[in-house]
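Reading the structure
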Amino acid sequence: MTQDPGTLLDVEPGTYDAISHLKIQVVAAIEGFLGGAHRSLHLGPSVEFSEHNRYSPGDDIRNIDWKALARTDRYFVKAHERDAQLTCLMLLDCSGSMAYQGSRTRFTKFDFAKILLGALSHLLVKQGDSVGVLGFAEELTVMLPPRSHPGHLPVVLERLASASVRANSQTRFAHVLKHAQARLGQRGMLVLASDMWQLDNEAEIILKGLAHKGHDITIFQVHSPDELDLPFDQTVAFKGLERETGVVAEPALLRHEYMNALKAEQARLSLLTREAKVDLVGAGTAKQPYEVLVEFATRRSRSRK
Amino acid sequence: MSFAAPLMLLGLGLLGPLFWLHLKRRPTRTVAFPTLFILQRVLKRQQKKSRVREWVILIIRALLVVTFSVALARPALTVWRPGGIRSGLPLSQVILLDDSASMQRRIPTPGQDETTAFERARQMAITELGRLRPQDSVAVILAGKPPRLITDGLTTDKEQVSMRLYGLHAGYAADAIDDAIYKAEHLLAKSSSAQKEILLITDLAGTPVHPETMKQMQTVFRVVGVTPATQKLENIAISDVAVLPAGGPEAREVTIRAEIINYSSSRQNVDVSLSLDGKPVARGLLKVAPWQTGIKDFHHRFDEKGIHFGQVEVGANVGPIQRGKRDAVGAAAVNDVFAVDNIRYLATNVRRSINVLVINGDARPGSYLDEAFYLQKALETPIPGEVPIHIQIMEPDMARVTPLESYDVIFLAGVTTLSSGLWERLVRYVEEGGGLFVSAGKGKPDENLQSVMPGEVDGIRKSDRRSHLKVGAVKLSHPIFHTLGEQSTGLENVKIKNHLLLKPNPAVEREVLVQLADGLPLLLERKIGKGTTLLLTTTIDRDWSDLPIRPGFLPLIQRSTRYLSRSLAFREPRTIDVGKTVSLPVVEGMQKLIVLSPSKKRTVFSANRLTGQANIWFRQTNRPGPWRVFAEMPESGGLTELQSSAFVTNVASSESDLSRKMKESGDLSRDDRDRYTALEGKLPVWSHLLMVALFLLFVETILVGMGLRKSHRKPIE
């Protein structure tokens, strides 16, 4: 579904309202040069007190907490966290499998992902973070470098809206993650909206590497409810969306095994993200995109506390 | 298994669509699905299991269709159980009691009075009746020829059947087991009893049951023998008696030939005697080797014409030849257990032969060119049972001085001219009742000859070599031809080149017996006074036709001769086996026909039964001996004996062989409890099948549900 960028967030009434008051909190410290709403790894002039440290020669005496000296007769210096600007890359899966809609949802997985990423971009740009977009399938299909100025948001939304699914194309996670690694350079935020099927070993390694470097990685696993419960009856000829060979099967008989296999696949992905400290957010298309965002933000705020 | 609603079995046709749907399953829709790789993985893992499951379900569904269809057809099983036929449902039993002549054999019983095979069989039948239950029905058929039902069909009144059995005796006829079985089957077919049985009580001799009869039999069939297998069977039997002409012009000299069979293991010296017309006339001894046939000839000359009855008898003093006394009758005579075949009846009709004079007007040296040659060959050929024909051939000159009255028939063969003297004598001969047969000569006959012929000759029709005429219509109703019926006359292929042409003359009473293909007469008859003249318009030799070499020539000449001599109605008395049917000819106007049995019992056929009948079938030939036939004709005013209808009956020679020819299949003296099963009834099994179908439906539901139950939609957490 290709939409006008200006109306991307208006697809679902209330989406914008629902998410406008949220602040996306990033747990990991973000190293950045520009002041922003996020905590920096460097202490500096900020309103947000961080901790007391024992004074040592060379410290700026302006930071000595005189009140603490009075109480304890010891020299402490006050350390303040400095707000940092966040660089976020939105990775949008444009492979064939994202074109699936199903009978029980109003969105294709791809449209759902676009709305999700658009809304998130809106929030981030609003709080002064820079946002870039990478669309990918087998190759990169959309590429927008991160910017933070307010005029960048329409561009982001326009790029997201104009992105389209590459029919019959597969997903090359490794390729796009390498690009993202190069783009981020330092610690930043990586938001990946994909169904995450067929994540290969190379991609897993790169993902772990990115996480290890301290990038805040969030995966929105976009899936249709049909993929979870295989709701079809009678004999169905299944056709692949990413060049797989079609099969004829009776879903009613396979459902149990299918769900088990899917569960195993999901467990593997969960284990990977847990090990890599990657935030995996389930984004079922049966929900509204804002619900997913609310859930995500809520989880983030909890984890920060 | 039987079905109450067999049309429901058409439901089995659903198997076809069922298999088709299973094996040619088509997807109902196509879905482009993102997680196809997982589906592929699952499918690969489940392929074998899924295939087995599919086949199991298919088989169960097929069984479901079969059991439902069969159940709806309401099947019932025929249920048998051990314990004998008298322990199940009601039984209908037909007892075939062999009353053939061989059942008159004696069965020596040590320490008891001697009994016959039939008496023993009768006792067995009565015992069998006693074993039947009140609800069982029974019929008794006597299996001698012809089979007779002695009860009023199948009845439950065993007392009455027993009473009737007590009054029975063995007959003299041959057995007719096959016919009796058919009769019993017919009787049982009307019975609604669940169990049916045919029980044959016999001496196991005689004609075995034909395999085809056994094959077609619908009911249980048991054969029980009455004679002990160890009994030593010795029998001397007269198997045949024939009366043969001894030759000569008179048929009064005969040879009476008797065939005697020695059914014993020792050489026997048999005393054979001949009685004729109630008086013993000859006697002699005959040596017969064991299991061999001996022939005894008696030569006899009858003094009087007419029918004579007689009998050949094997004397009571029969015995083995003893060493040193070759012709003496031994003291240890053979134990002849079957005396009925020791006597055999005969009958003969003594009549002088037919004298025929052939006047050969065209005698030639080459015999095949001579008409008399062909006539002689045709007339002298003996016909069994017919009066012999004696022929004399002479030329016309010789005939002039020969007295004609001693001849029954005169043939004018190739004669074209008749002297006045011979003509006058011939005319007188015919007018007084003689028979004259005229065949064409090489030229036109003179006036004298034409005056005794059936027509005046107009000329001779001559055909060229290539063309010839064929025989057309034959008057089959004429006595000469009527016995042929629809059979061929043998004249169809006769080729006639030349023949006499007769002038039409309505004043002459003549009858055309055989026509040529173009309608001209070939054989004509004319009555002159008391006599008859036949004219053949072609020659008897091969000059004008090939008639003498055609198959119809001999019967034509023989029957014409017998017709002219009024001997066609003559026949030798018939000799038949007891029990066979005899055809008695009926003459128009016959008021009464009486058959007198050997025991002087009269069977009367009244005019009502005789009117419009050509023959009467007489079936009561129940004992051996001479049978005489009398008729009351309007012109005679009283009873006249029909000698040609007389006959004698004898015991069939097959009855004399007392050895076992049938196999016994059951012994009434034993308890058949363990040997037979009883029909318990028809067990309806459709309800059981419905239960099976429901069970199959349950299993099918479980099998299908097992996959579905596991696969119910449950969200992945």
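Along every chain, residues carry numbers that run from 1 in the direction the sequence is written. The order in which chains are written sets their letters, starting at A; the order in which ligands are written sets their numbers, starting at 1. For a predicted model such as this one, the threshold for reporting local features is a pLDDT of at least 70, and the threshold for listing and counting side-chain atom pairs is 80 or more; totals across whole chains, interfaces and linings nevertheless cover every residue. Working from all heavy atoms in the structure, the side-chain values ignore hydrogens and water.

**A short note on the nonpolar core**
Counting 37 residues, the largest nonpolar core has Phe411(B), Phe437(B), Phe481(B) and Leu523(B) as the members making the most contacts within it. Discounting residues that sit within four places of it in the chain, Phe437(B) has contacts with Ile410(B), Phe411(B), Leu412(B), Leu523(B), Leu534(B), Leu536(B), Ile540(B), Ile557(B), Ser560(B) and Leu564(B). Nine residue types can take part in a nonpolar core, namely buried Ala, Val, Leu, Ile, Met, Phe, Trp, Tyr and Cys, and a core is a set of them joined through side-chain atoms within 4.5 Å. The rule is simple: take the accessible area with a 1.4 Å probe, protein chains only, and divide by the maximum for that residue type; under 20% is buried, over 50% is exposed, in between is partly exposed. Within the second largest apolar cluster, 36 residues are counted, among which are Phe110(A), Ala119(A), Leu124(A) and Val142(A). We call two residues in contact when some of their heavy atoms are within 4.5 Å.

**Some points on the packing of aromatic side chains**
Ring pairs are drawn from Phe, Tyr and Trp, using the six-membered ring of Trp, whenever the two centres fall within 6.5 Å, and their geometry is named by plane angle: stacked under 30 degrees, edge-to-face over 60, tilted for the rest. Inspection of every chain in the model, using the stated rule, returns 17 aromatic pairs over all chains. Arranged with centres 6.4 Å apart and planes meeting at 70 degrees, the rings of Tyr263(B) and Trp291(B) form a pair that is edge-to-face. Pair noted here: Tyr263(B) is in strand E12 (residues 253-263) and Trp291(B) is in the loop between strand E14 (279-288) and strand E15 (293-301), with a separation of 28 residues, a long-range link. On the basis of relative accessibility, which here comes to 14%, the residue Tyr263(B) falls in the buried class. For the pair Phe605(B) and Phe618(B), a centre-to-centre distance of 6.3 Å together with 80 degrees between the ring planes defines the contact as edge-to-face. A residue pair is termed long-range when its members are at least 10 positions apart, and Phe605(B) in strand E32 (residues 602-606) and Phe618(B) in strand E33 (residues 615-618) qualify at 13 residues. Under the relative-accessibility criterion, Phe605(B) is labelled buried at 2%. Following the ring pairs from residue to residue traces out a cluster consisting of Tyr100(A), Phe232(A), Phe238(A), Tyr258(A) and Phe33(B). By the criteria applied, helices consist of DSSP H or I runs no shorter than four residues and strands consist of E runs no shorter than two, each listed in order from the N terminus.

**Some points on the packing of helix H7 (residues 371-380) of chain B against helix H11 (residues 553-564) of chain B**
Between two packed helices, both the angle of their axes relative to each other and the distance between the axes serve to describe the pair. All names here are of chain B. Between H7 and H11, whose axes approach to 9 Å, the crossing angle comes to 75 degrees. The angle between the axes of H7 and H11 places the two elements in the roughly perpendicular class. Taking contact as the criterion, the partners of Tyr 374, Leu 375, Ala 378 and Leu 379 in H7 are, on H11, Phe 553, Leu 554, Ile 557, Gln 558 and Thr 561. Its residues assigned to classes, the contact of H7 with H11 shows 7 nonpolar, 2 polar and no charged. Note on geometry: axes are lines fitted to C-alpha atoms, helical ones only across the stretch in contact, with angles between N-to-C directions running from 0 to 180 degrees. Roughly parallel means an angle under 35 degrees; roughly antiparallel means over 145; roughly perpendicular covers 65 to 115; every other angle is labelled oblique. Any residue outside Ala, Val, Leu, Ile, Met, Phe, Trp, Tyr, Cys, Pro, Asp, Glu, Lys and Arg is labelled polar, Gly included; the first ten of those are nonpolar and the last four are charged.

**Considerations on the interface of chain B and chain A**
Each side of the interface is counted separately: chain B has 33 residues, and chain A has 40 residues. Salt bridges are defined as contacts in which a side-chain nitrogen from Lys or Arg sits within 4 Å of a carboxyl oxygen from Asp or Glu. Counting every contact that joins chain B to chain A gives 2 salt bridges. Of the charged contacts in the structure, one is a salt bridge between Arg45(B) and Glu257(A), with a shortest N-O distance of 3.7 Å. Pairing of N or O atoms within 3.5 Å defines a polar contact, subject to two protein rules: one partner must be a possible hydrogen donor and the other a possible acceptor, and residues neighboring in sequence count only if both atoms are side-chain atoms. Applying the counting criterion to the chain B and chain A interface returns 6 residue pairs in polar contact (both at pLDDT 80 or more). Within the residue set of the side of chain B that touches chain A, elements represented by two or more residues are strand E2 (29-33), helix H2 (36-72) and helix H13 (686-710) of chain B.

**Regarding the sheet that holds strand E8 (residues 236-240) of chain A**
DSSP calls a pair of strands paired once it identifies at least 2 bridges connecting them. Taken in spatial order, the 3 strands make up an open sheet running E9(A)-E8(A)-E2(B), and their pairing is mixed. Looking at which strands have only one partner, the edges of the open sheet turn out to be strand E9 (247-249) of chain A together with E2 of chain B. The mean inter-strand angle of the sheet, taken between neighbouring strand axes irrespective of direction, is 30 degrees. Where E8(A) lies against E9(A), 3 bridges are found, and the strand directions are antiparallel. Along E9(A), the bridge assignment pairs Phe238(A) with Val247(A).

**Observations concerning the pattern of salt bridges**
Applying the stated criterion to the full structure yields 40 salt bridges over all chains. Ionic pairing is found between Arg41(B) and Glu265(A), a salt bridge with its closest N-O pair at 3.5 Å. With Arg41(B) in helix H2 and Glu265(A) in helix H8 (residues 251-276), this pair bridges two chains. Among the salt bridges present, the one from Arg257(B) reaches Asp297(B), with a minimum N-O distance of 2.8 Å.

**Looking at H7(B)**
Residues and elements named next belong to chain B. Among all positions of H7, only Glu 371, Ala 372, Tyr 374, Leu 375, Ala 378 and Leu 379 are buried. Within H7, the buried residues cover an arc of 160 degrees as seen down the axis, which keeps them to one side. Structurally, H7 contributes buried residues whose contacts are with strand E19 (354-360), strand E20 (389-394), strand E21 (409-413), strand E22 (435-439) and H11. Near the N-terminus of H7, the side chain that reaches the backbone nitrogen of Ala 372, with its oxygen 3.3 Å away, is that of Asp 370. The directions considered for the arc run from the helix axis to the C-beta atoms.

**Notes on the confidence of the model for chain A**
Should pLDDT be low for a region, the predicted coordinates there are not to be read in detail. Residue and element names in this part refer to chain A. The predicted model of chain A has a mean per-residue pLDDT of 79, with 81% of residues at 70 or higher. pLDDT runs from 0 to 100 and stands for how confident the predictor is about each residue. Residue range residues 14-37 is modelled with pLDDT below 50. Its contacts to residues more than four positions away, or to other chains, number 67 contacts. Confidence drops under pLDDT 50 across residues 39-47; counting only partners more than four residues distant or on other chains, this segment forms 34 contacts.

**A look at the side chain of Asp279(A)**
All names here are of chain A. Mapped onto the elements of the fold, Asp 279 is located in strand E10 (residues 279-284). A distance of 2.5 Å separates the side chain of Asp 279 from the side chain of Arg 299, its partner in a polar contact. Beyond its immediate chain neighbours, meaning those up to four positions away, Asp 279 contacts Ile 217, Thr 218, Ile 219, Phe 296, Arg 299 and Arg 300.

**Remarks on the sheet that holds E21(B)**
Residue and element names in this part refer to chain B. Taken in spatial order, the 8 strands make up an open sheet running E20-E19-E21-E22-E28-E27-E26-E24, and their pairing is mixed. Only two strands of the sheet have a single partner each, and these edge strands are E20 and strand E24 (471-474). The mean inter-strand angle of the sheet, taken between neighbouring strand axes irrespective of direction, is 20 degrees. Alignment of E21 against E22, held across 5 bridges, turns out to be parallel. Bridge pairing in E22 places Leu 412 opposite Val 438. Lying on the sheet, H11 is in contact with E19, E20, E21, E22, strand E27 (521-528) and strand E28 (531-536); it crosses E22 at an angle near 145 degrees.

**Thoughts on helix H5 (residues 177-189) of chain B**
Residue and element names in this part refer to chain B. In this scheme, a helix's expected span is set at 1.5 Å multiplied by one less than its residue total. Across its 13 residues, H5 extends 18 Å between first and last C-alpha, which sits within 8% of the 18 Å expected from 1.5 Å per residue. Ile 177, Asp 178, Ala 180, Ile 181, Ala 184, Glu 185, Leu 187 and Leu 188 are the residues of H5 that are buried. Close packing links the buried residues of H5 with strand E4 (91-97), strand E7 (137-142), strand E8 (148-149), strand E9 (195-202), helix H6 (211-216) and strand E10 (220-225).

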